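Close look at the chain arrangement
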Amino acid sequence: MVKGKKFVLQKHFNGFPKESDVLIQEEELPPLQDGQFLCESLYISVDPYQRAYPQKVGSVVLGSQVARIIESKHPEFPVGKHVIAYYGWKTHHILDGTELKLSNLVTPPPMIIPDSLDVPLSYFLGVLGLTGISAYFGFLNICRPKPGETVVVTGAAGAVGSIVGQIAKIKKCKVIGVVGSDEKGQWITKDLGFDAFINYKTDNISKALKELAPEGVDCYFDNVGGEISNEILKRMNEYGRISVCGSISNYNDTEESKAPAVQRIVVGKQLKMEGFLFKQFLNDYQQGVMQLTQWLKEGKIKSKETITEGFENTFKAFTDMLKGKNYGKAVVHVTKCKL
Ligand SMILES: NC(=O)c1ccc[n+]([C@@H]2O[C@H](COP(=O)([O-])OP(=O)(O)OC[C@H]3O[C@@H](n4cnc5c(N)ncnc54)[C@H](OP(=O)(O)O)[C@@H]3O)[C@@H](O)[C@H]2O)c1
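Per an unreviewed UniProt entry, the protein goes by the name Prostaglandin reductase 1 and belongs to Henosepilachna vigintioctopunctata. Among the UniProt annotations of the protein, the heading Sequence similarities (unreviewed entry) holds the following wording: "Belongs to the NADP-dependent oxidoreductase L4BD family." What the UniProt record of the protein gives under Subcellular location (unreviewed entry) is the line "Cytoplasm".

Structural data, given as structure tokens:
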């Protein structure tokens, strides 16, 4: 009998998530039936959508992981293989290879990670996972950057933003990253090759953009929404393209914010603004991963991770990420469960 642990939602998040909103519970997993396999989580992803998506009280907290198959009665998922799975914040789970319903969300079926790529397994939650895919397709398909254009990325030192900025450099654009500290700004400019940064906590965004991009902004990859995005929209050039990936600046709001008047800007400048969910790119996942892997191997993009040790610290890793403590992708390394 295998024993596992899971984080169960006790209360809907209201404002900034509190430790008392979740509870770690133990569970015994039943014996495998034909067509099933047992996964043990190696790395768990903590992501902003876990705050934004309305989850059901009593459900396992949503989340994806890289897991090892430790027992199997499914011919296509043999013992020893690694999978990207979406069974929430759990140490162990029994899957049957199909999609899963968690908190009213249908999560994608598990996907076997090819052994041949020779990169750290945790990358499949970051640069080679839904983060990288969102950055790659969300930026290239929607912003359609051209060499010499000016690109602004918010959340620029985070998982998605740090990859978007580096792809924009590969595409020979001028890239300005918006971040929450000067240290993050130094990192994205000195280590990742961004041309400049704006610290949204201390700089006047409008003034800084006038100085750093007097030519105006052609592409905006929006991870944060809110006031920051409004200021950036005002600096867009005619026919500019905006890819809306997320709006983390309001995920913890307890009241609906008053709608800013973006339509006037969008119409006046004839902007194209498009939101996306990563799942629309899953059919092209292989192509994106191959290109990102090649860029990683050629040293054209760097992947940074902020790794928290221990399953029990998953909630802390999550709130640290929401507070902006992460550089690059925030993941939890699930050490062997002590039961
Ligand atoms: N559409 C999709 O399919 C999809 C897929 C993945 C992610 N997303 C979205 O993409 C965005 C980034 O996700 P990620 O996984 O890459 O997370 P991340 O950027 O690695 O981590 C979140 C970051 O948000 C910043 N932040 C927190 N509060 C903020 C605020 N009030 N204003 C501005 N920035 C704030 C923090 O950085 P600072 O220190 O710079 O504040 C923090 O490090 C999120 O909005 C997420 O929901 C969407």
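Picking up after the structure, the text goes on.
**Some words on the packing of aromatic side chains**
Each aromatic ring pair is described using two quantities: the centre-to-centre distance and the angle formed by the ring planes. A full pass over the atoms with the stated rule returns 13 aromatic pairs. A centroid spacing of 6.5 Å and a plane angle of 70° characterise the contact between Phe139 and Phe221, whose relative ring orientation is edge-to-face. Residue Phe139 is found in helix H2 (residues 130-143), and its partner Phe221 is found in strand S13 (residues 217-222); the two are separated by 82 residues along the sequence. Residue classification places Phe139 among the buried residues on the basis of a relative accessible area of 0%. Under the relative-accessibility criterion, Phe221 is labelled buried at 0%. Every member of this aromatic cluster is reached through a ring pair, and the members are Tyr136, Phe137, Phe139, Phe221, Phe276, Phe281 and Trp295.

**Quick notes on helix H9 (residues 314-322)**
In terms of burial, H9 is a largely internal element, 8 of the 9 residues being buried. Thr314, Phe315, Ala317, Phe318, Thr319, Asp320, Met321 and Leu322 are the residues of H9 that are buried. Buried positions along H9 lie against strand S1 (2-9), strand S2 (22-29), strand S3 (37-45), helix H1 (49-52), strand S16 (305-309) and strand S17 (329-333). Just downstream of H9 lies Gly324, where phi reads positive at about 90°.

**Comments concerning the side chain of Thr91**
Secondary-structure assignment places Thr91 in the loop between strand S5 (82-85) and strand S6 (92-95). With relative accessibility at 2%, the residue Thr91 sits in the buried group. Among the polar contacts made by the side chain of Thr91, one reaches the main-chain amide nitrogen of Lys5 at a distance of 2.8 Å. A polar contact of 2.8 Å, which involves the side chain of Thr91, links it to the side chain of His92.

**A look at the layout of surface pockets**
Put simply, the second largest pocket is a space of about 380 Å³. Around the second largest pocket, the lining comprises 20 residues; the ones closest to its centre are Gly225, Gly226, Asn250, Ser257 and Pro260. Elements that contribute at least two residues to the lining of the second largest pocket include exactly helix H6 (226-234) and helix H7 (262-268). By residue number, the principal contributor to the lining of the second largest pocket is H6, which donates 5 residues.

**A word on the pattern of salt bridges**
The full count for this structure, using the stated rule, is 14 salt bridges. Within this structure, Lys6, Glu27 and Lys90 form a network of salt bridges that share partners.

**Structural notes on the UniProt feature "domain: Enoyl reductase (ER)" (unreviewed entry) in the protein**
In the numbering used here, UniProt assigns the "domain: Enoyl reductase (ER)" (unreviewed entry) feature to residues 15-332. Its end C-alpha atoms 23 Å apart, residues 15-332 is made of 27% helix and 26% strand.

**Thoughts on the packing of H2 against helix H3 (residues 159-170)**
Running from N to C, H2 and H3 point in directions that differ by 45°, and their axes come no closer than 8 Å. With respect to H3, the axis of H2 lies oblique. The interaxial crossing formed by H2 with H3 has right-handed handedness. Between H2 and H3, the contacting residues are Thr131, Ala135, Tyr136, Phe139 and Leu140 on the first element and Ala159, Val160, Ile163, Val164, Ile167 and Ala168 on the second. Among the residues forming the contact of H2 with H3, the class breakdown is 10 nonpolar, 1 polar and no charged.

Reading guide: rules and limits
- Residues numbered from 1 in each chain as written.
- Predicted model: local features only at pLDDT ≥ 70, side-chain atom pairs only at ≥ 80, totals over all residues.
- Heavy atoms only, no water.
- UniProt positions renumbered as here; feature names shortened; annotations may be inferred.
- Phe/Tyr/Trp six-rings, centres within 6.5 Å; stacked < 30°, edge-to-face > 60°.
- Helix = DSSP H or I, 4+ residues; strand = E, 2+ residues; numbered from the N terminus.
- Buried < 20%, exposed > 50% of the residue type's maximum accessible area, 1.4 Å probe, protein only.
- Contact = heavy atoms within 4.5 Å.
- Polar contact = N/O pair within 3.5 Å; in protein donor to acceptor, adjacent residues only side chain to side chain.
- 1 Å grid on protein atoms, 1.4 Å probe; cavity = no way out; pocket = protein on both sides within 12 Å on 5 of 7 lines; lining within 4 Å.
- Points joined across faces, edges and corners; volume = space filled by probe spheres on them.
- Salt bridge = Lys/Arg side-chain N within 4 Å of Asp/Glu carboxyl O.
- Axes fitted to C-alpha atoms, helices over the stretch in contact; angles between N-to-C directions.
- Parallel < 35°, antiparallel > 145°, perpendicular 65-115°, else oblique.
- Left-handed = near helix turned anticlockwise from the far one by under 90°.
- Nonpolar A, V, L, I, M, F, W, Y, C, P; charged D, E, K, R; others polar.

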